[in-house]
Structure formats: C-alpha cells, structure tokens
Amino acid sequence: MSRVKAGKNYFPSIAVNTVVQVVAPADNKQGVILRTISLSSGGAGGTAQISVFADLTAPPTPSDTTHKRVAVYSAPMGTFISMTIPYEIEVPAGLGIWVGFNGSGQAYITYDFINV
C-alpha cells in the first residue's frame, strides 16, 4: 500500500440527519484533492449512511440520489464501525463538497486546494 499525504485543510463533523458543507463551489477555483476520508457510524439506534458529495449544488437531503457521491459508507443498525478511504479523490474545479449524514455519524476529511 502506498503512502497517502494528509491534507493541509481539516474538516471534522459529528452530525445527525443533515447535510454539512465542506467546500463551497465558489471556493473551488482550480480543484480540490480529498487526501484522507474517515467515516464512522454513531452506533446508536438505527442504520447510518454517510455520503461525501461533489456537485454544483448541495444535495437537498442526506440520502439524495441525484447528486454525485464520491464516497458512501453504510453501517448496520446499532453498530459502531468506521471506514477509511485508502486513496485520494480529485474533485474538479467549480464543484462543492458536502457530507450527508443519514442517521448519526462522524466524518473526518483532510484536503488541499489545487494551485496551478
């Protein structure tokens, strides 16, 4: 497995049933590289799904299927499990990045803006 660099920018979030913005489309002028993504369920109550979206507009709901997802994590009911994406994801310029929490979950993302 090759080494992955941690990004300069850090996004931590613990949330329930909401969509949280990581990077606004207007701020993504030349592209963004998602360096590390760690997602985990809240562990209580029900099934959790955490999605990382990259699109022109925010998804209207955490479980939206019409906006582009670059990572999705689902945890079974009542468990506390985490997942780390083992590779970097490059998001094209002009797209925003959001995390959708359907249920209780946590997201920890490091990223860098591309400077051409």
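That block above? That's the structure.
Residues numbered from 1 in each chain as written. Predicted model: local features only at pLDDT ≥ 70, side-chain atom pairs only at ≥ 80, totals over all residues. Heavy atoms only, no water.

A. Here's a closer look at the packing of aromatic side chains. Applying the stated criterion across every chain yields a total of 1 aromatic pair. For the pair Tyr111 and Phe113, a centre-to-centre distance of 5.8 Å together with 80° between the ring planes defines the contact as edge-to-face. (Phe/Tyr/Trp six-rings, centres within 6.5 Å; stacked < 30°, edge-to-face > 60°.)

B. Highlighting the nonpolar core. Leu34, Val52, Val99 and Ile109 are the most contacted members of the largest nonpolar core, which totals 24 residues. Elements supplying a minimum of two residues to this core: strand S1 (9-23), strand S2 (32-41), strand S3 (48-55), strand S4 (69-75), strand S6 (89-91) and strand S7 (96-113). A total of 6 residues in this core trace back to one element, the largest contributor, which is S7. Discounting residues that sit within four places of it in the chain, Val52 has contacts with Leu34, Ile37, Leu39, Lys68, Arg69, Val70, Ala71, Ile97, Trp98, Val99 and Ile109. (Core = buried A, V, L, I, M, F, W, Y, C linked by side-chain atoms within 4.5 Å. Buried < 20%, exposed > 50% of the residue type's maximum accessible area, 1.4 Å probe, protein only. Helix = DSSP H or I, 4+ residues; strand = E, 2+ residues; numbered from the N terminus. Contact = heavy atoms within 4.5 Å.)

C. Focus on unusual backbone geometry. Within the chain, Asn17 stands out as a residue other than glycine whose phi angle is a positive 50°. Here Asn17 falls in the partly exposed class, since its relative accessible area comes to 49%.

D. Representation of the pattern of salt bridges within the structure. All chains considered together, the criterion is met by 3 salt bridges. Across the salt bridge formed by Arg35 and Asp112, the nearest N and O atoms sit 2.8 Å from each other. Linking Arg35 in strand S2 with Asp112 in strand S7, this pair joins segments that are 77 residues apart in sequence. Exposure remark for Arg35: the relative accessible area of 13% places this residue in the buried category. Between Lys68 and Asp55 there is a salt bridge; the shortest N-O distance is 3.7 Å. With a gap of 13 residues between them, Lys68 in the loop between S3 and S4 and Asp55 in strand S3 connect regions that are remote in the sequence. For Asp55, a relative accessible area of 10% gives the class buried. Several salt bridges share partner residues, and in doing so they unite Arg35, Glu88 and Asp112 into one network. (Salt bridge = Lys/Arg side-chain N within 4 Å of Asp/Glu carboxyl O.)

E. Main features of the environment of Val72. With respect to the helices, strands and loops of the structure, Val72 is situated in strand S4. Between the alpha carbons of Val72 and Val99 there is a distance of 9.7 Å; along the sequence they are 27 residues apart. Not counting residues within four places of it along the chain, the set of residues in contact with Val72 comprises Gln49, Ile50, Ser51 and Met83.

F. Summary view of the environment of Ile81. Relative to the elements of secondary structure, Ile81 occurs in the loop between S4 and strand S5 (82-85). For the pair Ile81 and Ser40, spaced 41 residues apart in sequence, the C-alpha separation works out to 5.6 Å. Ignoring anything within four residues of it in the chain, the contact list for Ile81 reads Leu39, Ser40, Ser41, Tyr73 and Pro76.

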